[in-house]
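# Architecture and fold: a report
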Amino acid sequence: MLIRRALARPSDRAFWAAWFAALAALAGLGVWSTRRYALPFDPAPTRWVQDLDRFALAGRIFGRVNEFGSYSFIGGMLIGFAVLLAVRGFRVEALVMAGAGAAHLVQLGVRQLVERPFSAQHPPWFAHADWGLRQFPGPNGFPSGHVFGEAIVYGLIILYAGRLIPIKPLAWAVRSACALEILLGGPARMYTGAHWPSDVLGAMLLAGLYLAIAWRIDGAVTRIRGVTAERRLAERAGLSGTAARPRRIVRPAAGQAVTEREPARTR
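Residues numbered from 1 in each chain as written. Predicted model: local features only at pLDDT ≥ 70, side-chain atom pairs only at ≥ 80, totals over all residues. Heavy atoms only, no water.

## Quick notes on the overall build of the protein chain
Each helix and strand in the protein chain was counted, giving ten helices and two strands. Secondary structure elements in the protein chain, listed N-terminal to C-terminal, are α-α-α-α-α-α-α-α-α-α-β-β. Burial status across the protein chain gives 35% buried among its 267 residues. When the accessible surface of the protein chain is split by element, carbon and sulfur atoms take 64% of a total near 16500 Å². (Helix = DSSP H or I, 4+ residues; strand = E, 2+ residues; numbered from the N terminus. Buried < 20%, exposed > 50% of the residue type's maximum accessible area, 1.4 Å probe, protein only. Areas by Shrake-Rupley, 256 points an atom, 1.4 Å probe, with all protein chains shown as cover.)

## Focus: the side chain of Ser144
Along the chain, the position of Ser144 falls in the loop between helix H7 (124-127) and helix H8 (145-164). Assessed through its relative accessible area of 0%, Ser144 is described here as buried. Leave out the neighbours within four places in its chain, and Ser144 touches Gln107, Arg111, Arg189, His195, Asp199 and Ala203. (Contact = heavy atoms within 4.5 Å.)

## Comments concerning helix H10 (residues 197-236)
Between its first and last C-alpha atoms H10 spans 57 Å; for 40 residues at 1.5 Å apiece the expected length is 58 Å, and the two agree. Downstream of H10 by a residue or two, Gly238 has a phi angle that is positive, lying close to 75 degrees. (Expected span 1.5 Å × (residues − 1).)

## A word on the nonpolar core
Phe62, Leu85, Met97, Phe148, Ile152 and Leu156 are the most contacted members of the largest nonpolar core, which has 48 residues in total. Of all the secondary-structure elements, those providing two or more residues to this core are helix H2 (10-33), helix H4 (56-68), helix H5 (71-87), helix H6 (91-113), H8, helix H9 (168-191) and H10. Here this core takes ten residues from H8, the largest share from any one element. Once you skip the residues sitting within four places of it in the chain, Ile152 turns out to touch Ala100, Ala103, Ala207, Tyr210 and Leu211. Membership of the second largest hydrophobic core comes to six residues, among which are Trp131, Leu133, Phe136 and Trp196. (Core = buried A, V, L, I, M, F, W, Y, C linked by side-chain atoms within 4.5 Å.)

## Things to note about a nonpolar patch on the surface
Together, Trp32, Phe41 and Leu201 make up a nonpolar patch on the protein surface, roughly 260 Å² of accessible area in all. Of note, Leu201 is situated in helix H10. What makes Leu201 partly exposed here is its relative accessible area of 38%. (Patch = residues over 30% accessible without salt bridge, like charges linked within 9 Å, V, L, I, M, F, W, Y side chains within 5 Å. Salt bridge = Lys/Arg side-chain N within 4 Å of Asp/Glu carboxyl O.)

## Things to note about the environment of Asn66
Here Asn66 is to be found in helix H4. As for Asn66 and Arg189, which are separated by 123 residues in sequence, their C-alpha atoms are 7.3 Å apart.

## With respect to the packing of H6 against H8
For the pair H6 and H8, the least separation of the axes is 10 Å and the interaxial angle reads 165 degrees. Taken together, the axis directions place H6 and H8 in an arrangement best described as roughly antiparallel. As H6 runs across H8, the sense of the crossing is right-handed. Counted together, Glu93, Val96, Met97, Ala100, Ala103, His104, Gln107 and Arg111 of H6 and Gly145, Phe148, Ile152, Leu156, Tyr160 and Arg163 of H8 form the full contact between these two elements. (Axes fitted to C-alpha atoms, helices over the stretch in contact; angles between N-to-C directions. Parallel < 35°, antiparallel > 145°, perpendicular 65-115°, else oblique. Left-handed = near helix turned anticlockwise from the far one by under 90°.)

## Quick notes on the packing of aromatic side chains
Across all of its chains, the model carries 14 aromatic pairs by this definition. Measuring from centroid to centroid gives 6.2 Å for Phe15 and Trp215, while their planes differ by 40 degrees, and the two rings are tilted. A residue pair is termed long-range when its members are at least 10 positions apart, and Phe15 in helix H2 and Trp215 in helix H10 qualify at 200 residues. Exposure remark for Phe15: the relative accessible area of 11% places this residue in the buried category. With a centroid separation of 5.5 Å and 85 degrees between ring planes, the pair formed by Tyr37 and Trp196 is classed as edge-to-face. A residue pair is termed long-range when its members are at least 10 positions apart, and Tyr37 in the loop between H2 and helix H3 (43-50) and Trp196 in the loop between H9 and H10 qualify at 159 residues. (Phe/Tyr/Trp six-rings, centres within 6.5 Å; stacked < 30°, edge-to-face > 60°.)

## Some points on unusual backbone geometry
Here Phe142 and Pro143 are connected by a cis peptide whose omega angle stands at -10 degrees. When you line up the elements, Pro143 lands in the loop between H7 and H8.

## So, the pattern of salt bridges
For the coordinates displayed, the defined rule picks out seven salt bridges. The salt bridge partner of Asp53 is Arg134, with a shortest N-O separation of 3.1 Å. One end of the pair, Asp53, is in the loop between H3 and H4; the other, Arg134, is in the loop between H7 and H8, with 81 residues separating them in the sequence. According to the relative accessible area criterion, Arg134 is partly exposed, its value standing at 41%. Taking the shortest distance from any N to any O, the salt bridge between Arg163 and Asp218 comes out at 2.6 Å.

By themselves, these are just geometric observations and shouldn't be taken as functional.
Printed below as a string of structure tokens:
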């Protein structure tokens, strides 16, 4: 019954098809990463990002982005926003934020399963010196924990910012800052040599799976709250379906006694 209701509309079927396609892409990317130290599309973008060190501004920007993406900062943002949402009465949103912290355990579990081939006797900086990298990522970086944390926490803040910040321009400023952090988080990790682009892509896919579910839950909760608010307004105005209906009086024909007919009961 639940599966039938979840797939009742074409939009529902499209959503779940896309969700499972993303899950399959994550699984395939992880299996592929266990067979190669670097995937074919990893070295060139990494070299391009690391070559940005010729600009002094790049190092400062990526350094600040990495600070905002550190585990301590992300954890503080997660706990802080979850508490604020709970205090303001948004309990479902607070639970979703708390669930993002639990999803970090999934990311750690995937990282334990995916280990790239690596030889200490023949390290990649000797075997692939032609790649021209300033720093080579390690073999246990799939998916990136920092990028995952940035995407999932700042993504949820983008979703819920309007409920905590009543001033719309300020709310959109917060959303823009979060989107910029998500956009630059991956390149910042590649700049330091901590991760490959495939590590970043895996983290984005994993975070996207959770954010998609959060978005669906938010839509359902918003509809339920809207219906509940309408019912309360109707009850206050005396227009609820439980209000007593007026009794209908049937006009008699000439010479007949006046009788009253009870209205039909509402089902």
